[in-house]
Amino acid sequence: SLLDVSYSKAGSPNLSAVNLNLYGGQILGVAGVAGNGQTTLAKVLSGHLKPTQGKIIFEGNDRIHSSPKSFMDMGVAYIPEDRNSDGIIGDMEIWENAIMTEMDVSFFRNRLGIINRKTSFERTENLCETYDVRMQSIRQQSRLLSGGNVQKLLLGRWLMRKPKIIIACQPTRGLDEGAIASIQKLILHAQQNGSAIILISEDLDELLTMSDDIAVMYNGKLSNPVETSTTNKLAIGLQMAGEGF
């Protein structure tokens with residue numbers, strides 16, 4: 001995948017000629033102080049915002065309609081920064097959140113569009129067992145899950161679709177150490193299965209540990225990625241403060 005875009009609109013951090021290449025099996029870490037355009041970048045990459053200028057090329061195709069649905073159909077998974085507001089609907093039950101992305105699949109509904117609860121419950125039980133989502137019942141409200149289990153539900157929901165690209169925004173922020181390890185393990189497993197991953201994080205230790213390459217966002221601009229093995233916290237920290245931009 002190739003990205004060369006700008007995004008300029010009042011009221012949100014803009015992007016200025018952001019250019020990046022992404023390959024299957026790669027984890028690209030994106031560092032930066034909050035508010036420098038990382039969330040805008042994630043939304044553009046997941047079809048939630050349409051670039052005001054430039055192109056996104058996916059597997060050679062440059063005629064891409066910017067919408068969450070079309071990006072989902074291409075195999076793009078989006079783990080939003082705010083898991084509770086943007087990731088799940090807290091008042092809906094776990095099984096409802098688990099199949100929310102699958103309403104195009106006839107396996108989960110009949111020809112009249114009525115949800116097939118049997119297959120939906122089976123998918124949810126399988127998801128929760130596979131990705132260790134700990135809950136009392138798949139019929140409980142999703143907001144009653146702990147932060148780590150919400151994130152495992154979210155990530156598991158996408159991983160069952162076998163995504164080609166995963167956009168992960170702050171996927172471990174606010175979680176306890178056990179949940180952090182579980183989420184990182186799931187992301188690394190997805191990488192081994194060939195997914196390309198953009199890992200947006202303010203945790204430099206996480207980025208240095210997990211990423212193959214690291215780029216820095218500052219004031220809407222993205223630095224050229226460098227191999228993680230050739231950089232360190234100090235160099236990244238200086239870039240985050242604007243050095244080189």
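All chains use their own residue numbering, which begins from 1 and follows the written sequence. Only residues with pLDDT of at least 70 are given local features in this predicted model, and only at 80 or more are side-chain atom pairs given and counted; all residues enter the totals for whole chains, interfaces and linings. Only hydrogens and water are set aside; all other atoms, that is, all heavy atoms of the structure, feed into the side-chain values.

A.B. asks: Explain the overall build of the protein to me, please; I cannot follow it from the model alone.
C.D. replies: The secondary structure content of the protein amounts to 9 helices and 10 strands. Rg of the C-alpha trace for the protein: 18 Å, near the compact-globule value of 18 Å for 245 residues, within the 12% margin. Referenced to the eigenvectors of the C-alpha coordinate spread, the extents of the protein come out at roughly 55 × 40 × 35 Å. Counting the 245 residues in the protein, one finds 49% classified as buried. For the protein, the proportion of contacts with a sequence separation of at least 24, taken over those separated by at least 6, is 66%. Here a helix means four or more residues in a row that DSSP labels H or I, a strand means two or more in a row labelled E, and each is numbered from the N terminus. Here the globule rule reads 2.2 Å times residues to the power 0.38, and the radius of gyration is calculated from C-alpha atoms. A simple rule labels every residue: compare its accessible area, found with a 1.4 Å probe on the protein chains alone, to the largest value its type can have, and call it buried under 20%, exposed over 50%, or partly exposed in between. The contact criterion used throughout is that any non-hydrogen atoms of two residues lie within 4.5 Å.

A.B. asks: Explain the nonpolar core here, please?
C.D. replies: Nonpolar side chains tend toward joint burial in soluble globular proteins. Ranked by size, the top nonpolar core spans 37 residues in total, and within it L153 and I166 carry the most contacts. Take this core: its biggest share by element is 6 residues, from helix α6 (residues 147-159). L3, Y7, V30 and L45 belong to the second-largest nonpolar core, a separate cluster that totals 30 residues. Take the buried residues of types Ala, Val, Leu, Ile, Met, Phe, Trp, Tyr and Cys, join any two whose side-chain atoms come within 4.5 Å, and each joined set is a nonpolar core.

A.B. asks: What should I look at first to understand helix α1 (residues 38-45) in this one?
C.D. replies: One turn of the α-helix equals 3.6 residues, which is why residues spaced by three or four share an orientation. Burial within α1 is extensive, with 6 of its 8 residues counted as buried. One or two residues past the end of α1 sits G47, with phi positive at roughly 85°.

A.B. asks: Where do I start with the sheet that holds strand β4 (residues 53-57) in this structure?
C.D. replies: Within a beta sheet, neighbouring strands are joined by backbone hydrogen bonds and run either parallel or antiparallel to one another. Spatially, 3 strands are ordered β2-β1-β4 in an open sheet, and the strand pairing comes out antiparallel. Two strands lie at the open edges of the sheet, namely β2 (15-21) and β4, each paired on one side alone. The sheet shows a mean angle of 15° between the axes of neighbouring strands, taken without regard to direction. With 5 bridges joining them, strand β1 (residues 2-7) and β2 adopt antiparallel strand pairing. Looking across to β2, one finds that L3 is bridged to L20. Should DSSP find at least two bridges between two strands, the strands are taken to pair. Angular values range over 0 to 180 degrees, each being the angle between N-to-C directions of two axes fitted as lines to C-alpha atoms, with helices fitted over their stretch in contact.

A.B. asks: So what exactly am I meant to see when it comes to unusual backbone geometry here?
C.D. replies: Across the chain, the bulk of peptide bonds are trans and the bulk of non-glycine residues have phi less than zero. In the Ramachandran plot, A17 falls in the positive-phi region, its phi being about 50° despite a non-glycine side chain. With respect to the helices, strands and loops of the structure, A17 is situated in strand β2. With a phi close to 50°, K162 is a non-glycine residue in the positive phi region. Its place among the elements puts K162 in the loop between α6 and β6 (165-169). For K162, a relative accessible area of 71% puts it in the exposed group.

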